[in-house]
Amino acid sequence: MAVVRGEFTSRFGFLMAATGSAVGLGNIWGFPTNAASNGGGAFLFTYLILTFALAYPALMAELIIGRYARANAVTALKTISRGPKSRLLAIAVGFVGILTVSLILSFYAIVSGWMIAFFFDPLARFLGMDGVAQWLTEDAELRNSIFVTLFMILTVFIISAGVRDGIEKWASRMMPSLIIILILLILYVLTLPGAMDGLRVYLVPDFSRVANPQLLVDAMGQAFFSLSLGVGTMLVYGSYISKQENLPTLGGLVALLDVGIAVLAGMLILPAMYVALASGVEIFDESGGLIAGPGLIVSVLPALFNSMDSVGMFVAMAFFLLMTIAALTSSISMLEVPVAYAIENHGVERRNAAITIGSVITVISLILVFNFNPLFDLVVTYTTEYSQPLLGLFFCIFVAWIWRRDDILQEIKQGCPEAEAGFFWKIWPFYVKFICPLAILAVYFQS
Ligand code: PFF
């Protein structure tokens, strides 16, 4: 069925959309705490190497397949298949990707809903509505259901508007705001007592930890999750890039921006935790490590903001606005994966596809909310630790072992005519063929 496909109207638009997908709760919440509990600067160093040596090549695989096929993940993988067996594999990988990304969205939306609730908390306090403030910050099923639904409505609203008027427009507004808020918060927190201790814990490397296999596993998982790899998100965004764009450079910029914002987020979170410590808030768990799970965002930081008197309200609202923006630019990229499939392969109109699929995912989220303990961690582990790396592996297999090398080169040459003689083409095919699959397998079996 012929469908008019959307396209990003500018390089900036694509960069904001793809960086928006990459920069999410994983950067602002996951990265800093991972770094702090894994040797600070040593983790940062390992993460940078893994991002550029492994995650960037995998990102390029998705972008190139997407732009070549100009289609959703299932169709795109089928397009580059050769023969019935690889077509079958293409369908399987495409569908597992759609299922995985939908499940990721279902838990991501719950956490994102908490961010919205915490954004309103200081406002309620300011207005003297203490009961409301308490309700907003208490982990209860009703609150979680309301805010997860609200977050999904926002996501559906943006995706309904399409690639240019939805994804590109909103990402281009939200991402610059995110960077400004992040920098302002860092500048403020660094002036507070205790901040420098946090910065030291974050940046001074403990190189005795670099050889630790757990550090490698964590850094690799973080790099893949952070670049939204394996589930077809970057493939779909790649399918909306103009043929005039230089893909290796664009992909490199996305990886750089993603890492850059993660590093910046560390300069906010770790100093903020030590400022909290200086004002009497407990920041270590029973085992002596830094509190890293939900407790960090929903108890340590709010306790810090509360101890800041009048400024605290603005700092808290800015912080949770930052988290909500980061989450929303990621969630739209997740919803776009199944929506693009429904539009292109089943002729469903975009708005209907977004509303229907968004509703199904909201129902899954609600099931998780009401069965939080047995299900939430299970879904997080299954999707991010097992499914995502394994799918990433299959994407590498598709480009390096199944797709014709010459087609790949021709695709890269569009927008980068000198590609054949360049550094990228000398290194990348080898990487996606051998290094990426082996590294992903190694991590997969370790975790
Ligand atoms: N990259 C996002 C983050 O770091 O929070 C998470 C993510 C987005 C994962 C999109 C998967 C995805 F398809």
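A short tour of the structure in this document, coming up.

Rules of the game
- Residues numbered from 1 in each chain as written.
- Predicted model: local features only at pLDDT ≥ 70, side-chain atom pairs only at ≥ 80, totals over all residues.
- Heavy atoms only, no water.
- Helix = DSSP H or I, 4+ residues; strand = E, 2+ residues; numbered from the N terminus.
- Buried < 20%, exposed > 50% of the residue type's maximum accessible area, 1.4 Å probe, protein only.
- Contact = heavy atoms within 4.5 Å.
- Areas by Shrake-Rupley, 256 points an atom, 1.4 Å probe, with all protein chains shown as cover.
- Lys, Arg positive; Asp, Glu negative; His and termini not counted.
- Charge placed at Lys NZ, Arg CZ, Asp CG, Glu CD.
- Patch = residues over 30% accessible without salt bridge, like charges linked within 9 Å, V, L, I, M, F, W, Y side chains within 5 Å.
- Salt bridge = Lys/Arg side-chain N within 4 Å of Asp/Glu carboxyl O.
- 1 Å grid on protein atoms, 1.4 Å probe; cavity = no way out; pocket = protein on both sides within 12 Å on 5 of 7 lines; lining within 4 Å.
- Points joined across faces, edges and corners; volume = space filled by probe spheres on them.
- Nonpolar A, V, L, I, M, F, W, Y, C, P; charged D, E, K, R; others polar.
- Near = heavy atom within 4 Å.
- Polar contact = N/O pair within 3.5 Å; in protein donor to acceptor, adjacent residues only side chain to side chain.
- Sits in = over half its atoms within 2 Å of the grid points.

## Comments concerning the overall build of the protein
A count of helical and extended segments in the protein gives 18 helices and zero strands. Taking the principal axes of its C-alpha atoms as reference, the protein extends roughly 65 × 50 × 40 Å. Residues counted as buried form 57% of the 447 residues belonging to the protein. A separation threshold of at least 6 residues defines the contact pool for the protein, and within that pool the share at least 24 residues apart is 82%. As presented, the protein carries roughly 17500 Å² of accessible surface, and 68% of it is formed by carbon and sulfur atoms. Once the 23 positive and 28 negative side-chain charges of the protein are each reduced to a mean point, those two points are 14 Å apart.

## A few points about a nonpolar patch on the surface
A surface patch of nonpolar side chains, amounting to about 620 Å² of accessible area, comprises Phe 45, Leu 48, Ile 49, Phe 52, Phe 207, Leu 253 and Leu 256. Every element with two or more residues in the nonpolar patch is listed here: α3 (41-69) and α12 (247-278). Per element, the largest residue contribution to the nonpolar patch is four residues, and it comes from α3. Mapped onto the elements, Phe 45 comes out in helix α3. Phe 45 sits in the partly exposed class, given a relative accessible area of 42%.

## Regarding the environment of Ser 177
The topology assignment puts Ser 177 in helix α8 (residues 162-189). The class of Ser 177 is partly exposed, set by a relative accessible area of 30%.

## Topic: empty space enclosed by the protein
Any empty space left between the atoms is revealed when a probe the size of a water molecule rolls over them. What the rule picks out here adds up to two cavities of 30 Å³ or more. The calculated volume of the largest cavity comes to roughly 130 Å³. Forming the boundary of the largest cavity are 17 residues, of which Ser 21, Phe 225, Ser 228, Ser 330 and Met 334 lie nearest the centre. When contributions to the lining of the largest cavity are tallied by element, the ones reaching two or more residues are α1 (11-22), α2 (25-36), α5 (84-126), α10 (213-226) and α14 (309-346). By residue class, the composition of the lining of the largest cavity is eight nonpolar, nine polar and no charged. The computed volume of the second largest cavity comes to approximately 60 Å³. Contributions of two or more residues to the lining of the second largest cavity are made by α8, α12, α13 (294-306) and α14. Looking at the lining of the second largest cavity element by element, the count peaks at three residues for α13. Its residues assigned to classes, the lining of the second largest cavity shows 10 nonpolar, no polar and no charged.

## A closer look at the layout of surface pockets
Approximately 1200 Å³ is the volume found for the largest pocket. Only α2, α5, α10, α13, α16 (372-402) and α18 (423-446) provide two or more residues apiece to the lining of the largest pocket. It is α16 that contributes the most residues to the lining of the largest pocket, nine residues altogether. The residue makeup of the lining of the largest pocket, split by class, is 20 nonpolar, 13 polar and five charged.

## Focus on unusual backbone geometry
The residue Arg 70 is not glycine, and still its phi comes out positive at about 50°. Secondary-structure assignment places Arg 70 in the loop between α3 and α4 (73-79). At Ser 228, a position not held by glycine, the phi torsion is positive, near 55°. Residue Ser 228 is classed as buried on the basis of its relative accessible area of 9%.

## Some points on the site of the ligand
The environment of the ligand is made up of 17 residues, and the closest members are Ala 22, Gly 26, Tyr 108, Phe 225 and Thr 233. At 2.9 Å from a nitrogen atom of the ligand is found a main-chain nitrogen or oxygen belonging to Ala 22. At 3.0 Å from a nitrogen atom of the ligand is found a main-chain nitrogen or oxygen belonging to Phe 225. Here the ligand, which alone exposes 340 Å², has 100% of that area covered by the protein. Among the cavities detected, the one that contains the ligand is the largest cavity. Listing elements by their share of the shell around the ligand, those giving two or more residues are α1, α2, α5, α10 and α14. Taken together, the residues that form the shell around the ligand break down as seven nonpolar, 10 polar and no charged.

## Quick look at the pattern of salt bridges
Within this structure, the stated rule accounts for 12 salt bridges. Two residues, Asp 197 and Arg 200, come together in a salt bridge whose shortest N-O distance is 3.1 Å. Here Asp 197 and its partner Arg 200 are both found in helix α9 (residues 195-203), three residues apart, which amounts to about one turn of the helix. Judged by its relative accessible area of 37%, Asp 197 is partly exposed. Judged by relative accessible area, Arg 200 falls into the partly exposed class, the value being 47%. The closest approach of N and O atoms between Asp 407 and Arg 404, which form a salt bridge, is 3.6 Å. Residue Asp 407 is classed as partly exposed on the basis of its relative accessible area of 22%. For Arg 404, a relative accessible area of 45% corresponds to the partly exposed category.

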